[in-house]
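Summary of the model geometry
So you can see what is in the structure, the chains are spelled out below.
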Amino acid sequence: MTTTAPPRPSGTGTPPRAPRPVPGWRRGLRPYLLSIPAVLIIVGILYPFVLGAYYAFLNYAAVVPRPVFVGLTNFVEVLSDPVFWASVRVTAIYAVTATVVETVLGVGIALLLNRSSLVGRIFERVLILPLMIAPVIAGVIWGLMFNPQFGVLNHVLGLGSTFDWLGEGRALWSVVLVDVWIFTPFVAILVLAGIRSLPKEPFEASAVDGASWFYMFRRLMLPMMWPYILVAVIFRFMDSLKVFDHVYVLTAGGPGDATRTLQIGAYQNSIVNLNYSQGSTYMFLLWAIVFLTARYLVSVLGKAQRRAAGSEE
Amino acid sequence: MAAKELTPGQRRFSPASLGADLVLLGWFVFSLFPLVWMVLLALKTNADQITTFFAFTPTLKNFGIVLSDEGTRLTSVNFTDALFNSVINCVGAVLVSLVIGIPAAYAAGRWQYRGSNDVMFTILSFRFAPELMVIVPLFVIYNQLGLFDTNVGMIWVLQLVTMPLIVWILRSYFQDLPAELEQAALLDGYTRRRAFMMVALPLVRPGIAASALLAFVFAWNNYVFPLILTGSRHTPVTVAVTRFLGGGGQAYYNLTAAAALIAALPPLIVALSIQRYLVRGLSFGAVKA
Amino acid sequence: MGSLAIRGLTARYGKTVALHGIDLELTDREFFVVLGPSGAGKTTTLKSVAGLVDGAAGEVRIAGRDMTGVEPYDRGVAMAFESYALYPQRTVEQNLASPLRSGRNGTWTPAQQAERIRQVTTTLGIDHLLGRYPRELSNGQRQRTALGRVLVRPAEVYLLDEPLSHLDAKLRAAMRAELKQLGDLSGTTTLYVTHDYQEALALGDRIGVLREGRLVQVGTPTQVWTEPVDTFVARTIGQPEMNLLDAVVDGGAARTPGGGVVLGVGPEVPAGDAVRLGIRPRDLEIVDRQAPDDRLVLRGRVVLAERLGRSVELSIDVAGVQVIAVTADHRTREGDSVTLVAEWANVHVFGAGEPAPRLGAACRPEPAQLAGGAR
């Protein structure tokens with residue numbers, strides 16, 4: 001062990017240091033300074049958002065030259081309008097059906113892919129393709145396939161040329177089908193990632209104890225996977241409440257109001273009929289629904305994550 | 001032979017596994033068929049598109065029509081311009097979100113400052129807010145400011161799509177980064193900014209790339225904002241594709257499919273290239289896989 | 001190179017208080033070791049000196065200059081982190097060059113940098129790893145690289161956080177011996193943190209024992225070893241831990257419940273008080289001959305004899321009280337009756353409570369008291 005003196009840097013010894021104190025308040029401010037640009041953008045987005053909420057309390061429409069404050073009139077009007085409630089019904093059916101089907105299918109596909117068979121490994125690579133295509137493009141493609149005369153579905157399935165996928169009584173299920181096609185992979189890849197991140201020890205231990213596969217699934221895997229499933233459910237449910245793109249391009253809300261979801265209803269009111277206030281009222285109510293649902297689901301998620309963390313110990 | 005380690009729930013070969021593979025196969029036929037169909041349709045001539053299903057002579061002519069003046073005449077939207085608009089809008093929106101979002105994500109990932117959660121959840125709530133609630137007032141504002149049917153207007157509104165994604169994903173990356181690395185750089189004699197540039201930034205580069213690409217995809221795929229906030233000059237591809245559907249009363253299924261295929265290619269390529277990071281991105285950092 | 005003065009240093013993380021007012025003065029070139037169990041606040045102390053703890057308050061003076069509000073990069077301190085904190089995207093050489101290139105630690109030409117890095121890495125035995133990335137190193141190599149990043153540069157104060165903890169036992173002993181001789185370390189004021197009492201005793205000019213955010217004792221290794229201020233310090237230093245025997249005072253003598261140990265504690269301890277008697281296992285000696293009367297004598301039976309290579313660790317039952325002794329005598333077997341002796345000065349008397357303060361060393365009891373014990 002040598003203890004040669006270090007070669008000194010040019011200049012002498014330690015460089016002259018002039019400590020420049022930074023006041024405490026300025027250090028505390030640091031994260032705020034970094035967030036300022038983001039907050040500015042947030043304000044830039046919040047402003048129209050708040051303005052939109054404000055519109056719900058005006059009688060603002062293209063035909064009204066000077067909109068005035070009308071209080072809750074719009075809400076009374078919208079809430080007593082059967083067309084609105086039809087939209088609520090359609091949205092609820094759509095969101096619940098799509099979320100349930102996608103969750104069940106997605107979890108199933110994740111479990112099957114987790115087996116890592118050759119087939120599974122090949123398909124895992126292309127699993128996400130439908131998810132990455134714009135929903136509106138998906139709508140366009142499925143629209144072409146749904147076409148009664150020239151569409152490929154009736155031909156392949158042997159349904160003849162009169163079966164109308166987007167007709168009365170069927171249209172809602174058809175747009176849900178497209179939603180399932182697009183978003184099931186979303187649930188599947190989240191859940192699959194969750195399964196793969198589970199600790200192995202509890203499973204090995206219970207396998208040594210001779211537990212059946214089903215028992216392990218129900219008692220170990222499902223509780224530990226639950227947080228991942230819930231994250232997927234939250235995203236899917238909240239997104240399908242405000243569904244627009246592929247439904248609009250497939251049916252534009254029709255036939256009649258069979259697929260007129262709340263966002264499509266708002267679109268028709270605001271943009272087609274140019275009744276901004278009524279459209280904004282729709283959106284305000286939808287926003288309230290989304291907000292309350294989100295709060296509820298996130299609290300459920302928090303509990304599930306704590307429970308899963310506990311069960312892993 | 002050493003057995004590969006199995007993840008929980010994984011099983012070695014059993015009679016049931018053949019059935020399982022068949023179920024998987026079923027799903028993937030369903031999942032991939034529409035894409036295959038889009039490609040087939042895009043390769044058909046006008047005559048073939050209504051008379052044939054799977055047996056036809058393929059042609060590349062449709063792509064030429066879509067990208068040329070002929071397509072513009074049919075839809076009154078120039079598809080090449082639309083592609084260009086999409087690129088400008090999405091790259092612009094992602095860059096703005098990165099410049100603004102990286103410091104915010106870093107602040108939120110490093111410090112628990114008063115209001116940090118409020119800022120983060122406000123940003124997240126944009127992701128889940130119904131778009132039309134913002135669009136209607138923006139429609140009015142844009143008309144007053146002259147931002148209607150402009151790329152600047154689109155870049156602004158696309159922040160709703162790209163900002164929450166980038167901030168939330170990057171926050172999770174910054175949280176994973178040990179603060180001691182930057183502390184070491186501070187003690188080496190670097191200022192906070194240089195420590196950040198030298199240590200933190202290079203280490204979250206995969207996160208930046210993944211979130212930027214994913215944000216690009218979602219911005220590219222957005223439909224409702226440009227549907228309402230653009231006219232005919234700065235239309236992006238998503239809107240331009242739908243124009244082929246109602247082109248002059250005649251059905252141009254093959255052209256629609258060709259346009260859809262062109263519009264779908266960039267997201268598909270990006271998606272396949274960042275597959276490793278997708279889970280974390282799609283769940284906004286909630287699922288770290 | 002410079003002195004370090006800490007006065008009333010507190011630190012809190014949110015509502016948790018990590019340090020409750022630390023006072024410490026290091027003279028120039030002193031090697032000071034902070035010893036304590038995990039969670040005592042050792043790392044927080046170092047980071048507070050470095051200016052890395054937002055919730056730290058109190059006075060820190062480095063080379064006489066007040067550091068309040070001074071940014072870490074202006075403090076002239078170098079720190080080795082227990083987590084190494086090596087830049088993963090940089091090689092060992094680039095990691096070591098980092099402090100030389102910042103411009104705040106002198107101006108170094110590339111040739112000077114290379115020469116300096118070569119010196120330090122040779123000393124640390126990692127000169128063959130210069131081109132490797134941290135992920136390609138063993139924990140011991142990483143730790144030496146982290147240490148190298150400190151030694152490579154001039155600084156007022158070195159802060160070393162458990163720099164030997166991840167080395168294997170053999171290497172740790174070797175490095176411990178070498179560290180002290182490092183020219184750079186002996187030439188620079190160093191605040192060294194460890195949970196290993198042997199490191200503390202071997203390296204420290206002085207030692208400070210930290211417990212739950214408070215410095216409970218500061219002194220030379222000899223002081224801390226021979227006069228631990230309380231049972232906490234006594235137990236922290238030494239392996240196996242010091243024997244602590246409950247006893248009751250009666251007329252200037254302390255007696256264990258079974259009467260196996262009787263010794264004088266001086267008249268100042270009131271009768272009836274509970275005390276604890278501390279004897280280090282290595283201070284107990286087995287004697288074959290007649291026990292000398294100028295030392296404490298314990299008689300008991302060996303319950304367990306663990307042979308640990310050169311030494312044997314004995315658990316001995318002394319009239320119902322378990323006592324640990326370490327001896328080099330391999331003839332002792334389980335079940336043997338043995339006589340143990342200890343110097344009076346090596347027998348510590350502590351008061352009651354947890355941790356119990358040290359009252360002093362024991363002394364020879366009056367013959368009358370001994371007789372009382374024999375009853």
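Residues numbered from 1 in each chain as written. Chains lettered and ligands numbered in written order. Predicted model: local features only at pLDDT ≥ 70, side-chain atom pairs only at ≥ 80, totals over all residues. Heavy atoms only, no water.

Per the secondary structure count, chain C includes 10 helices and 21 strands. Taking the principal axes of the C-alpha coordinates as reference, chain C spans close to 80 × 45 × 35 Å. Taken across its 375 residues, chain C has 55% of its residues classed as buried. Excluding contacts between residues fewer than 6 apart, the proportion of contacts in chain C whose partners are at least 24 apart in sequence is 65%. Summed over its atoms, the accessible surface of chain C is roughly 15500 Å², and 48% of this surface lies on carbon and sulfur atoms. Positive and negative side-chain charges in chain C, numbering 43 and 45 respectively, have mean positions lying 4 Å apart. (Helix = DSSP H or I, 4+ residues; strand = E, 2+ residues; numbered from the N terminus. Buried < 20%, exposed > 50% of the residue type's maximum accessible area, 1.4 Å probe, protein only. Contact = heavy atoms within 4.5 Å. Areas by Shrake-Rupley, 256 points an atom, 1.4 Å probe, with all protein chains shown as cover. Lys, Arg positive; Asp, Glu negative; His and termini not counted. Charge placed at Lys NZ, Arg CZ, Asp CG, Glu CD.)

In this section: the interface of chain A and chain B. In this assembly, 96 residues from chain A lie in contact with 88 residues from chain B. Both sides of the chain A and chain B interface together cover about 8500 Å² of buried area, and 79% of this is carbon and sulfur. On inspection of chain A and its partner chain B, the count reaches 2 salt bridges. Of the charged contacts in the structure, one is a salt bridge between B:Glu131 and A:Lys242, with a shortest N-O distance of 3.2 Å. (Buried area = accessible area lost by both parts, 1.4 Å probe. Salt bridge = Lys/Arg side-chain N within 4 Å of Asp/Glu carboxyl O.)

With that settled, the discussion passes to the side chain of C:Thr190. Looking at where C:Thr190 falls in the secondary structure, it is placed in strand β8 (residues 189–194). Sequence-distant contacts of C:Thr190, that is, excluding residues within four places in its chain, are made with C:Leu26, C:Glu30, C:Phe31, C:Phe32, C:Tyr158, C:Leu160 and C:Leu185.

Our next topic: the domain arrangement of chain C. Residues and elements named next belong to chain C. Split by domain assignment, chain C resolves into domain 1 (4–236) and domain 2 (243–374). Just the C-alpha atoms count here: the centres of domain 1 and domain 2 sit 39 Å apart. Contact with domain 1, which involves 12 residues of that partner, is made by 10 residues of domain 2. Between domain 1 and domain 2, roughly 970 Å² of surface is buried when both sides are summed, and carbon and sulfur atoms account for 54% of that area. It is Trp225, Thr231 and Arg235 in domain 1 that bury the most area against domain 2; as a group they hold 47% of the surface buried on that side. At the boundary of domain 1 with domain 2, the tally comes to 1 salt bridge. Remark: the boundary between domain 1 and domain 2 carries 4 residue pairs in polar contact (both at pLDDT 80 or more). Where the side of domain 1 that touches domain 2 is concerned, the elements lending two or more residues are α8 (221–226) and α9 (231–236). For the side of domain 1 that touches domain 2, the element with the highest residue contribution is α9, accounting for 4 residues. Split by residue class, the side of domain 1 that touches domain 2 holds 6 nonpolar, 2 polar and 4 charged. (Domains from an automatic or database assignment. Polar contact = N/O pair within 3.5 Å; in protein donor to acceptor, adjacent residues only side chain to side chain. Nonpolar A, V, L, I, M, F, W, Y, C, P; charged D, E, K, R; others polar.)

What follows is about the sheet that holds strand β12 (residues 253–255) of chain C. All names here are of chain C. Taken in spatial order, the 6 strands line up as β13-β12-β11-β14-β20-β21 in an open sheet, and their pairing is antiparallel. The open sheet is flanked by β13 (262–264) and β21 (358–361), the only strands paired with a single partner. Strand-to-strand twist across the sheet, computed as the mean angle between neighbouring axes with direction ignored, equals 35°. In this sheet, strand β20 (residues 347–350) lies alongside strand β14 (residues 274–279) in antiparallel orientation, the contact comprising 4 bridges. Considered in β20, the bridge of Arg276 is made with Phe350. (Pairing = 2+ DSSP bridges. Axes fitted to C-alpha atoms, helices over the stretch in contact; angles between N-to-C directions.)

This part is about the packing of aromatic side chains. Applying the stated criterion to the full structure yields 34 aromatic pairs over all chains. On the basis of an interplanar angle of 85° and a centroid distance of 5.8 Å, the ring pair of B:Phe139 and B:Phe148 is categorised as edge-to-face. According to the relative accessible area criterion, B:Phe139 is buried, its value standing at 18%. Here the aromatic cluster, defined as three or more aromatic residues joined through ring pairs, consists of A:Phe49, A:Phe57, A:Phe69, A:Phe75, A:Phe284, A:Trp287 and A:Phe291. Here the guanidinium or amino end of B:Lys44 rests over the ring plane of B:Phe56, the centre of that ring lying 5.2 Å away. One residue, C:Arg211, lies across the ring of C:Phe232, its end atom 5.2 Å from the ring centre. (Phe/Tyr/Trp six-rings, centres within 6.5 Å; stacked < 30°, edge-to-face > 60°. Lys NZ or Arg CZ within 6 Å of the ring centre and 35° of its normal.)

With 15 residues, helix α3 (residues 110–124) of chain C ought to run about 21 Å at 1.5 Å a step, and its terminal C-alpha atoms sit 21 Å apart, in line with that. Here α3(C) has its buried residues at C:Gln112, C:Gln113, C:Arg116, C:Ile117, C:Gln119, C:Val120, C:Thr121, C:Thr123 and C:Leu124. (Expected span 1.5 Å × (residues − 1).)

Let's shift gears to the packing of helix α9 (residues 201–208) of chain A against helix α10 (residues 213–241) of chain A. Residues and elements named next belong to chain A. It is at 11 Å that the axes of α9 and α10 come closest, and there the two elements cross at 175°. Considered as vectors, α9 and α10 are oriented roughly antiparallel to each other. Contact with α9, carried on its side by Pro202, Phe203, Ser206 and Ala207, involves Met216, Leu220, Met221 and Met224 of α10 and no other residues of that element. Here the residues of the contact of α9 with α10 sort into 7 nonpolar, 1 polar and no charged. (Parallel < 35°, antiparallel > 145°, perpendicular 65-115°, else oblique.)

Right, let's talk about the confidence of the model for chain A for a bit. Per-residue confidence for chain A gives a mean pLDDT of 83; residues scoring 70 or more make up 92%. Every residue in residues 1–16 of chain A is under pLDDT 50, and counting partners more than four places away or in other chains gives 31 contacts. (pLDDT = per-residue confidence, 0-100.)

Let us now look at the nonpolar core. Counting residues in hydrophobic clusters, the biggest one holds 250 residues, and the most contacted among them are A:Met132, B:Phe79, B:Ile228 and C:Leu191. The dominant element in this core, judged by the number of residues it contributes, is helix α8 (residues 171–196) of chain A, at 17 residues. The contacts of A:Met132, once residues within four sequence positions are left out, are B:Leu214, B:Val217, B:Asn221, B:Pro267, B:Leu268, B:Ala271, B:Leu278 and B:Leu282. The next biggest cluster of nonpolar side chains, apart from the first, holds 40 residues, and it includes C:Val92, C:Leu124, C:Leu137 and C:Leu185. (Core = buried A, V, L, I, M, F, W, Y, C linked by side-chain atoms within 4.5 Å.)

Turning next to the pairing of strand β7 (residues 157–161) of chain C. Look at any regular strand and the pattern is simple: side chains alternate between the two faces of the sheet. Residue and element names in this part refer to chain C. Counted residue by residue, β7 has 5 buried out of 5 residues, so it is predominantly covered. With burial as the criterion, each face of β7 is covered, one bearing Val157, Leu159 and Asp161 and the other bearing Tyr158 and Leu160. The sheet contact formed by β7 and β8 spans 5 bridges and is parallel. Looking at β8, one finds that Leu160 is bridged to Tyr192.

This part is about the sheet that holds strand β10 (residues 214–219) of chain C. All names here are of chain C. With respect to topology, 6 strands assemble into an open sheet ordered β6-β7-β8-β3-β9-β10, the strand pairing being mixed. Only two strands of the sheet have a single partner each, and these edge strands are β6 (77–80) and β10. Taken over all neighbouring pairs, the strand axes of this sheet differ in orientation by 20° on average, direction set aside. Relative to β8, strand β3 (residues 31–35) runs parallel, the two sharing 5 bridges. Bridge assignment links Phe32 to a residue of β8, and that residue is Leu191.

Residue and element names in this part refer to chain C. Residues Gln239 and Pro240 are joined by a peptide bond in cis, for which omega reads -5°. With respect to the helices and strands, Pro240 occurs in the loop between α9 and β11 (243–250). The omega angle of the peptide bond from Glu354 to Pro355 is -5°, so this bond is cis rather than trans. Locating Pro355 in the fold gives a position in the loop between β20 and β21. Residues other than glycine seldom take positive phi values, yet Ala319 does so here, at roughly 50°. Among the structural elements, Ala319 can be located in the loop between β17 (311–318) and β18 (321–327).

This part covers the environment of A:Ile195. Along the polypeptide, A:Ile195 turns up in helix α8. For A:Ile195 and A:Tyr228, which are 33 residues apart along the polypeptide, the C-alpha to C-alpha distance reads 8.5 Å.

With that settled, consider the confidence of the model for chain C. Confidence along chain C averages 88 in pLDDT terms, with 97% of residues attaining 70 or more. Here the prediction assigns the complex a pTM of 0.84, and the interface score ipTM is 0.87.

This part is about the side chain of C:Asn95. Residues and elements named next belong to chain C. Its place among the elements puts Asn95 in helix α2 (residues 92–101). Classification of Asn95 by relative accessible area gives buried; the value is 1%. Apart from the residues lying within four places of it in its own chain, the contact partners of Asn95 are Leu86, Tyr87, Arg90, Pro134 and Arg149.

Let us look at a nonpolar patch on the surface. Residue and element names in this part refer to chain A. Taken together, Trp25, Leu29, Tyr32, Leu33, Ile36 and Leu40 make up a surface patch of nonpolar side chains, about 620 Å² in accessible area. Inspection of the secondary structure assignment puts Ile36 in helix α1 (residues 24–55). Assessed through its relative accessible area of 40%, Ile36 is described here as partly exposed. (Patch = residues over 30% accessible without salt bridge, like charges linked within 9 Å, V, L, I, M, F, W, Y side chains within 5 Å.)

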